[in-house]
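# A structural walkthrough
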Amino acid sequence: MSWPNDGVGLRVLVLGAAAGGGFPQWNCRTPNSQGGWCQHPGFRRGTQASLAVSADGVNWILLNASPDFRQQILATPALWPQNGMRHSPITHVVLTGGEIDQVAGLWSMRERQRFQLWAHPVVLDSLGDNPLFDALDPHWVRRCPLALDEPVLLSSQHGGPELSVTAFAVPGKVPLYLERRGCSSEGFTLGLEVSVNGRGLTFIPGCAHITANLRERLRNRALVFFEGTLWQDDELVQLGVSDKTAQRMGHVSVAGPDGVMASLQDLNIARKILIHLNTTNPLLNAGSPEHAHAVGQGWEVAYDGMEICL
Ligand code: MLT
Ligand code: MN
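A quick note: this is a predicted structure, and the numbers were derived from the prediction, not measured. (Residues numbered from 1 in each chain as written. Chains lettered and ligands numbered in written order. Predicted model: local features only at pLDDT ≥ 70, side-chain atom pairs only at ≥ 80, totals over all residues. Heavy atoms only, no water.)

Across the sheet, 7 strands lie side by side as β6-β5-β4-β3-β2-β1-β14; this open sheet has mixed pairing. Lying at the two open borders of the sheet, with one neighbouring strand each, are β6 (141-145) and β14 (307-309). Along the sheet, successive strands turn relative to each other by an average axial angle of 20°, direction set aside. Direction of pairing for strand β4 (residues 90-94) relative to strand β5 (residues 115-119): parallel, over a ladder of 3 bridges. Within the sheet, the bridge partner assigned to valine 93 lies in β5 and is leucine 117. In the packing of helix α4 (residues 121-128) onto the sheet, contacts are made with β5 and β6, and the angle to β6 comes to roughly 140°. (Pairing = 2+ DSSP bridges. Helix = DSSP H or I, 4+ residues; strand = E, 2+ residues; numbered from the N terminus. Axes fitted to C-alpha atoms, helices over the stretch in contact; angles between N-to-C directions. Contact = heavy atoms within 4.5 Å.)

Right, let's talk about the coordination of the manganese ion (ligand 2) for a bit. Think of it this way: four donors in a tetrahedron around the metal ideally sit 109.5 degrees apart, and six in an octahedron ideally sit 90 or 180 degrees apart. In the first shell of the manganese ion (ligand 2), the protein supplies Asp101 (OD) and His276 (NE2), at 2.2 Å from the metal. Separated by 175 residues along the polypeptide, aspartate 101 in helix α3 (residues 100-103) and histidine 276 in the loop between β12 (271-275) and α8 (289-296) bring together distant segments of the chain. (Donors = N, O, S within 2.8 Å, 3.2 Å for Na, K, Ca; no water.)

Below, the discussion takes up the packing of aromatic side chains. Two aromatic rings, taken as a pair, are described by how far apart their centres are and by the angle between their planes. As enumerated under the stated definition, the model contains 1 aromatic pair in all. Here tryptophan 107 and phenylalanine 133 contribute two aromatic rings whose centre-to-centre distance is 4.5 Å and whose plane-to-plane angle is 20°, an arrangement assigned as stacked. Of the two residues, tryptophan 107 is situated in the loop between α3 and β5 and phenylalanine 133 in the loop between α4 and β6; the sequence distance between them amounts to 26 residues. The exposure class of tryptophan 107 is partly exposed, given its relative accessible area of 29%. In this structure, arginine 44 packs its charged tip against the face of tyrosine 303, placed 4.1 Å from the ring centre. (Phe/Tyr/Trp six-rings, centres within 6.5 Å; stacked < 30°, edge-to-face > 60°. Buried < 20%, exposed > 50% of the residue type's maximum accessible area, 1.4 Å probe, protein only. Lys NZ or Arg CZ within 6 Å of the ring centre and 35° of its normal.)

Turning next to unusual backbone geometry. Between phenylalanine 23 and proline 24 the backbone carries a cis peptide bond, its omega angle lying at -5°. Relative to the helices and strands, proline 24 is located in the loop between β1 (11-16) and α1 (31-38). The backbone of histidine 276 sits at a positive phi, close to 65°, despite the residue not being glycine. What makes histidine 276 buried here is its relative accessible area of 9%.

With that out of the way, let us pick up the environment of glycine 16. Along the chain, glycine 16 turns up in strand β1. In this structure, the C-alpha to C-alpha distance between glycine 16 and threonine 245, residues 229 residues apart in sequence, is 23 Å. Glycine 16 has contacts with Thr47, Gln48, Ala49, Ser50, Gln72, Ile275 and Asp304, leaving out every residue within four places of it along the chain.

The next subject is the sheet that holds strand β11 (residues 223-227). Read across the open sheet, the 7 strands follow the order β7-β8-β9-β10-β11-β12-β13; overall the sheet is mixed. Two strands close off the open sheet at either side, each with one partner strand: β7 (152-154) and β13 (299-301). Shown here is a sheet whose adjacent strand axes are inclined to one another by a mean of 25°, direction ignored. Pairing analysis gives 6 bridges linking strand β8 (residues 163-169) to strand β9 (residues 190-196), with the strands arranged antiparallel. Looking at β9, one finds that serine 164 is bridged to serine 195.

Right, here's the structure in full:
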């Protein structure tokens, strides 16, 4: 897309639309994943979820650092170095949690490049506990705590327009690799409101259930990316690939009486987009009845390379 040259607006790039493991996932042979492996018509492969947002189309902020960052940047010229011998248009990275599919891309961003890393203090602590993240030298990468419900203004080092980011807590759980430690889930699952000049999006790539407060927060929004990990709660059980339900994994299903579609209907959201799609989710098959049903309910399904300008 060539972005409209009308001053400040919110530009959004979907770098990756799939859940942890990507689509197709490396060890999966369910019918849906087979469609991804064979690239049957209607099955579009996907990398692990991440967005890039910008107020000017020049400076970009990553929302989550996907393990597929390297592949994503290759596919996205706007994120390539633009001048001098060393440069990156990425000025900030904002994390919604500490799952591997949200942080592992940081290891591809370690070559003495200045940027700010924003995350909830518990996520910064868990990165701090892992010496592999010391590869991000604090001299270059400043770690900044995200306070809940307080807007922070993120501007580029060169004084570009500011983006406002507000983090808020959503129901969730601790990252998979911390489950056995029995720590509190508080702070590990955030939503983000990102806006510039009053134009904004809400990004919720993981959510365990949808509360009345969350519904009110989403009412009348211009653009919402909401988690669409599994179509139904027992999808993995029914397929015989896991005994975990969506609930057990900290995800609300897309379908069902308490699912994403039912819970967010009638909130007057202008654009509703499902993201963080698991390799088993029939929404990844554009020819499936589930896909047609979601579209009929006013939902779009995110895909790698999707571009939006607000
Ligand atoms: C999730 O969203 O549930 C996690 O990404 C799981 C995982 O890392 O495997
Ligand atoms: Mn995930």
